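Commentary on secondary and tertiary structure
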Amino acid sequence: MSKGLSLWFACSSILLLAAAAIAMSYNGWIAVLLGVIAIGNIGWGFVIKAKKNRINGPEPE
């Protein structure tokens, strides 16, 4: 996975989890929804990484 795409998934996951933490003060259901979306975002990043590795082979570190 490219560094830019990795950075995108890292930052978007952090923002979603921060929003979930803030939402806990206001509405629990919104916090749960944002938490589920954040976990889905993290999982989606792993899926994309696995697909790219399967097509191109593992990237050297």
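Look up: the structure comes first, before these words.
Here we summarise the structure given alongside this text. Positions within a chain are numbered from 1, following the residues in the order the chain's sequence is written. Since the coordinates come from a predicted model, pLDDT governs what is reported: local features require at least 70, and pairs of side-chain atoms require 80 or more to be given and counted, while whole-chain, interface and lining totals use all residues. The basis for every side-chain value is the complete set of heavy atoms in the structure, and neither hydrogens nor water enter the calculation.

This brings us to helix α2 (residues 28-56). With 29 residues, α2 extends 42 Å between its outermost C-alpha atoms, agreeing within 8% with the 42 Å of an ideal straight helix rising 1.5 Å per residue. Pairs of residues are marked as contacts when any of their non-hydrogen atoms sit within 4.5 Å. Working definition: helices are DSSP H or I runs of at least four residues, strands are E runs of at least two. Numbering for both runs from the N terminus. Looking at the packing, one finds that the buried side of α2 touches α1 (3-23). Of the residues trailing α2, glycine 57 is marked for its positive phi of about 85°. One fewer than the residue count of a helix, multiplied by 1.5 Å, yields its expected span.

Before going further, it helps to spend a moment on the side chain of serine 12. With respect to the element layout, serine 12 can be found in helix α1. What makes serine 12 buried here is its relative accessible area of 12%. Any pair of N or O atoms that falls within 3.5 Å is considered a polar contact. Within protein, one atom must be able to donate a hydrogen and the other to accept it, and sequence-neighbouring residues count only if both atoms are side-chain atoms. Only 2.9 Å separates the side chain of serine 12 from the backbone oxygen of tryptophan 8, close enough to count as a polar contact. A distance of 2.7 Å separates the side chain of serine 12 from the side chain of asparagine 41, its partner in a polar contact. Only protein chains enter the accessibility calculation, which uses a 1.4 Å probe. A residue is then buried if its area is under 20% of the maximum for its type, exposed if over 50%, and partly exposed in between.

The next point concerns the side chain of serine 13. Along the polypeptide, serine 13 turns up in helix α1. For serine 13, the residues in contact, after removing those within four places along its chain, are Ala38, Asn41 and Ile42.

Inspection of the secondary structure assignment puts glycine 57 in the segment after α2. What makes glycine 57 partly exposed here is its relative accessible area of 22%. Between the C-alpha atom of glycine 57 and that of asparagine 27, which follows or precedes it by 30 residues, the distance is 44 Å.

Moving on, we get to α1. The terminal C-alpha atoms of α1 lie 30 Å apart, and with 21 residues this matches the ideal 30 Å at 1.5 Å per residue to within 8%. Those residues of α1 not exposed but buried are Phe9, Ser12, Ser13, Ala20 and Ala23. What you see down the axis of α1 is that its buried residues fit within an arc of 100°, all on one side. Facing away from the buried side of α1, by more than 90 degrees, are the exposed residues Lys3, Leu7, Ile14, Leu15 and Ile22. Regarding the arc, it is the one traced by the directions from the helix axis to the C-beta atoms.

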